[in-house]
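So the chains spell out like this:
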Amino acid sequence: MDLFDPIQIAIPFFVLLIVAELIFARQTGKARFEPRDSGASLAMGLGNTVAGVVFAGVGAAWYGFIENLAVFDFGWAWYVWIACFVLDDFVYYWSHRFAHTVRWFWADHVTHHSSQHYNLTTALRQPWFNIFTLKFIWFGSWMILLGFPPAMVAFCGALNLIYQFWIHTEAIGRLPGPVEAVMNTPSHHRVHHATNAVYLDRNYAGVFIVWDRLFGTFQAELDEEPCRYGIIRNLGTYNPLRIAVHEWWGIAKDVASARSIKHAIAYVIAPPGWSPDGSRLTTKAIKREAGVEKPVRSMDEARPLASPAE
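Right, let's walk through the structure included here. Note that the structure is predicted; figures quoted are calculated from it, not measured.

On the surface, Phe4, Ile9, Phe13 and Leu16 cluster together to form a nonpolar patch covering roughly 460 Å² of accessible area. Here Ile9 lies in helix 1 (residues 6-28).

Structure representation (structure tokens):
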């Protein structure tokens with residue numbers, strides 16, 4: 001059974017929402033845009049789309065192969081769709097978490113975090129070389145092997161990405177408590193994109209923030225700690241090619257200069273910022289130096305954020 005790609009339908013709405021946010025930003029000053037930065041984000045999104053078309057056959061061939069190895073055949077009942085959507089988000093949480101804690105995966109994902117601005121165009125700042133991480137094997141196979149139809153998994157994955165578009169904004173403050181408790185929201189995702197020590201490597205959720213609460217990676221947005229966006233060492237460029245390849249190039253240089261096979265491997269699979277002599281800083285080291293090794297605070301402990309209307 002083939003399903004249409006919901007992202008193709010969503011694209012016109014993405015454009016309309018970006019325009020609406022831009023107008024809102026100019027009228028209120030409660031959202032920020034930088035033309036060159038937004039242009040770079042849009043270029044990255046276009047490149048990601050092209051790469052998806054070019055490499056689509058690789059993933060399709062792999063999923064078609066492992067479908068024959070599935071343990072069960074869950075079929076297409078409505079409750080299977082619900083289970084697929086929730087389980088896909090669970091897998092996304094762990095895939096996303098590894099994308100921040102394993103440098104090989106971070107080399108791809110860092111593209112999305114490279115903007116020092118946070119608006120809806122940032123959601124479109126996507127990598128070009130995702131295929132080379134082999135994440136479609138490491139994380140994309142399990143649900144199909146379990147028995148969910150590949151087309152269903154792909155459809156639910158697309159819905160997950162569509163959901164995440166609207167949370168890339170500063171125009172929306174905190175939502176009602178029950179929503180913030182269960183769902184990923186702009187407030188929670190601002191934390192994820194921030195480089196403040198207290199916020200680093202937190203809130204990996206795609207749709208349901210409950211995964212972060214369950215696995216100890218939740219951090220509320222704090223009034224006393226405004227988010228600073230970007231990466232630890234900001235690129236200082238709007239060149240899409242450099243944005244796309246800079247961390248891959250960094251890995252290549254580090255591996256070439258490694259003094260042992262052990263160090264070469266570590267440069268690839270250790271956390272971002274790892275170095276043999278400790279001269280660079282990983283997230284854990286940054287948190288330790290800032291005194292926020294255990295920064296998790298519940299929403300109840302955080303002072304309420306002002307809404308855009310206030």
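That was the structure; now back to the text.
With that settled, the discussion passes to the packing of helix 4 (residues 103-113) against helix 11 (residues 240-257). The geometry of helix 4 relative to helix 11 is characterised by a closest axis approach of 6 Å and an angle of 155° between their N-to-C directions. In terms of orientation, helix 4 lies roughly antiparallel with respect to helix 11. Viewed along their axes, helix 4 and helix 11 form a crossing whose handedness is right-handed. Contacts between helix 4 and helix 11 pair Arg103, Trp104, Trp106, Ala107, Asp108, Val110 and Thr111 from the former with Ile243, Ala244, His246, Glu247, Trp248, Gly250, Ile251 and Asp254 from the latter. Each residue belonging to the contact of helix 4 with helix 11 can be placed in one class, and the counts come to eight nonpolar, three polar and four charged.

Quick look at the nonpolar core now. Counting 14 residues, the largest nonpolar core has Cys84, Phe105, Met143, Phe148, Met152 and Val153 as the members making the most contacts within it. Contributing elements (two or more residues each) for this core: helix 3 (78-101), helix 6 (142-146) and helix 7 (150-165). Sorting elements by how many residues they give to this core places helix 3 first, with four residues. By size, the runner-up hydrophobic cluster in this structure holds twelve residues, among which are Leu200, Cys227, Tyr229 and Ile286.

This part takes up helix 1. Three- or four-residue spacings in an α-helix give side chains the same orientation, since the helix completes a turn every 3.6 residues. Under the 1.5 Å per step criterion, the end-to-end length of helix 1 is 32 Å for 23 residues, consistent within 8% with the ideal 33 Å. When the local axis directions of helix 1 are compared, the greatest deviation, roughly 30°, occurs at Pro12. Considered for burial, the residues of helix 1 that qualify are Pro6, Ala10, Phe14, Ile18, Glu21 and Ala25. Buried-residue contacts for helix 1 involve helix 7. For helix 1, the capping residue at the N-terminal end is Asp5, with a side-chain oxygen 3.0 Å from the backbone nitrogen of Ile7. Within two residues after helix 1, Gly29 carries a phi angle of roughly 75°, on the positive side.

Procedures and definitions
- Residues numbered from 1 in each chain as written.
- Predicted model: local features only at pLDDT ≥ 70, side-chain atom pairs only at ≥ 80, totals over all residues.
- Heavy atoms only, no water.
- Patch = residues over 30% accessible without salt bridge, like charges linked within 9 Å, V, L, I, M, F, W, Y side chains within 5 Å.
- Areas by Shrake-Rupley, 256 points an atom, 1.4 Å probe, with all protein chains shown as cover.
- Salt bridge = Lys/Arg side-chain N within 4 Å of Asp/Glu carboxyl O.
- Helix = DSSP H or I, 4+ residues; strand = E, 2+ residues; numbered from the N terminus.
- Axes fitted to C-alpha atoms, helices over the stretch in contact; angles between N-to-C directions.
- Parallel < 35°, antiparallel > 145°, perpendicular 65-115°, else oblique.
- Left-handed = near helix turned anticlockwise from the far one by under 90°.
- Contact = heavy atoms within 4.5 Å.
- Nonpolar A, V, L, I, M, F, W, Y, C, P; charged D, E, K, R; others polar.
- Core = buried A, V, L, I, M, F, W, Y, C linked by side-chain atoms within 4.5 Å.
- Buried < 20%, exposed > 50% of the residue type's maximum accessible area, 1.4 Å probe, protein only.
- Expected span 1.5 Å × (residues − 1).
- Bend = angle between axes of the 7 residues up to and from the residue.
- Polar contact = N/O pair within 3.5 Å; in protein donor to acceptor, adjacent residues only side chain to side chain.

Function cannot be read off these values alone, since they describe shape.
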